Amino acid sequence: MINLLLSASILVWPFGQLLSLTPFGQLFRLQLLDVLAVLLFVSLLPSYRKIAQDSLFKPLALFSLIALLSLVVNAGSVSLAGLAYFLRFISYTSFYFAFRIEDVKKYSRYLTLAAILFLTIGFLQYFLLPDVRFLAYLGFDDHYYRLIGSFLDPNFSGLILAILVILSPWPLLVIPLIALVLTFSRASFLSLAVGLIYLSLTNRRLKLLLTLLLLGLFLYLVPKPFGEGVNLWRTFSIVSRVENQKNALLLFTQKPIFGHGFSPLKVDNSFIFVLATTGIVGFIAFVTFLKKVWLMTADPLARTSILVILVHSLFNNSLFYSWILALFFLLISQRSKGST
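## Details of the pattern of salt bridges
Within this structure, the stated rule accounts for 4 salt bridges. Between Arg100 and Asp54 there is a salt bridge whose closest N-O contact spans 3.3 Å. Taken together, the residues Arg100 in helix α5 (residues 80-101) and Asp54 in the loop between α3 (48-52) and α4 (57-73) connect sequence positions 46 residues apart. Among the ionic pairs, Arg133 bridges to Asp131, the shortest N-O distance being 2.7 Å.

This is the structure in structure tokens:
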């Protein structure tokens, strides 16, 4: 059953928001991937004793308990969507434990297919439906001549494409690199740059820096039709992010211990999101978990991909975005240092 659910999840993953519903309004979306995560969580219950022996179980469980406590403390103000958000996070942790139980290598064909599907959907959208400003009526941002892919968002799609560049061998990495350029996501460009520099320095693979030169070349050559979204020097999004993060920090100062409750608060920074929703207690537990993950991840490509996600999370709430969260748990399941 676990094998079937993991296979189905991998094949559903690349379709992103195309398989989503909004039972709680625009504040909370339910995806088919959510349903599979819940089923996977239930399927893992008989393996609880084995799961509890995993070295990441305690730090992950501690943060989860604090997140739950933050909801209890704020029970009077947290909506049903907040509880659903917490349950979603708990369910998605099952991807980590399931991939630890199962050998992730046997899913390599499915993972490759998922990457191809994701890239195909992205390119088809960009070339066949470049004007997606009508999506504003459905609660998404309006974009014009930007690759938004199945996530319907250039920033989150850009992060996945940056990771695909890291994980792809030469010369195949040129394909996701081109797709990444078409997102015009500066946070994704920066995240990839940090990842490539880190990987080239720590593994003495200086030729990877050539990818940065290709990124710059493609950015210079890519068509830039009229529109603020494709203006790499735009400042509006920077100002709005800074204002968003300031407001979130202000929320933190109002309830610094346990925060306002682990719920879908719109914050453009995963770390500030944790600080505002679970307070300093939850933030310490979360950082402790991430530190444990970093120290125990031995695979250089997995570690670099994790770094790319963390850098991107400084500009978007990337770590708690469903599809990225699932990918994050897959990546950290491949660790080997001192793992159980």
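Still to come is the rest of the account.
## Overview of a nonpolar patch on the surface
Taken together, Phe15, Leu18, Leu19, Leu21, Leu30, Leu32, Val35 and Leu39 make up a surface patch of nonpolar side chains, about 640 Å² in accessible area. Among the elements that take part in the nonpolar patch, helix α2 (residues 32-44) stands out by supplying 3 residues, more than any other. Mapped onto the fold, Leu39 is located in helix α2. Judged by relative accessible area, which is 40%, Leu39 ranks as partly exposed.

## Looking at the layout of surface pockets
Size it by volume and the second largest pocket reaches roughly 910 Å³. What lines the second largest pocket is a set of 33 residues, among which Leu111, Thr112, Ala115, Leu164 and Leu167 lie closest to the centre. Counting residues per element, the ones that place at least two in the lining of the second largest pocket are α1 (2-12), α5, α6 (108-128), α7 (154-167), α8 (174-183), α13 (300-312) and α14 (322-332).

## Examining α5
Structurally, the α-helix is built with 3.6 residues per turn, so residues lying three or four positions apart point the same way. The terminal C-alpha atoms of α5, which comprises 22 residues, lie 32 Å apart, in line with the 32 Å expected from a rise of 1.5 Å per residue. For α5, the buried fraction is high: 17 of the 22 residues fall into the buried class.

## Looking at the environment of Glu102
Looking at where Glu102 falls in the secondary structure, it is placed in the loop between α5 and α6. Judged by its relative accessible area of 17%, Glu102 falls in the buried class. It is 26 Å that separates the C-alpha atoms of Glu102 and Leu310, two residues lying 208 residues apart in sequence. Contact partners of Glu102, with chain neighbours within four places excluded, come to Ile2, Asn3, Leu6 and Tyr107.

## Re the packing of α6 against α7
Interaxial distance between α6 and α7 falls to 12 Å at its minimum, and their mutual angle equals 130°. With respect to each other, α6 and α7 are oriented oblique. You can see that α6 and α7 cross each other, and the crossing is left-handed. Residues Ala115, Phe118 and Leu119 of α6 form the contact with α7, whose participating residues are Ser157, Ile160, Leu161 and Leu164. Broken down by class, the residue content of the contact of α6 with α7 amounts to 6 nonpolar, 1 polar and no charged.

Analysis parameters
- Residues numbered from 1 in each chain as written.
- Predicted model: local features only at pLDDT ≥ 70, side-chain atom pairs only at ≥ 80, totals over all residues.
- Heavy atoms only, no water.
- Salt bridge = Lys/Arg side-chain N within 4 Å of Asp/Glu carboxyl O.
- Helix = DSSP H or I, 4+ residues; strand = E, 2+ residues; numbered from the N terminus.
- Patch = residues over 30% accessible without salt bridge, like charges linked within 9 Å, V, L, I, M, F, W, Y side chains within 5 Å.
- Areas by Shrake-Rupley, 256 points an atom, 1.4 Å probe, with all protein chains shown as cover.
- Buried < 20%, exposed > 50% of the residue type's maximum accessible area, 1.4 Å probe, protein only.
- 1 Å grid on protein atoms, 1.4 Å probe; cavity = no way out; pocket = protein on both sides within 12 Å on 5 of 7 lines; lining within 4 Å.
- Points joined across faces, edges and corners; volume = space filled by probe spheres on them.
- Expected span 1.5 Å × (residues − 1).
- Contact = heavy atoms within 4.5 Å.
- Axes fitted to C-alpha atoms, helices over the stretch in contact; angles between N-to-C directions.
- Parallel < 35°, antiparallel > 145°, perpendicular 65-115°, else oblique.
- Left-handed = near helix turned anticlockwise from the far one by under 90°.
- Nonpolar A, V, L, I, M, F, W, Y, C, P; charged D, E, K, R; others polar.

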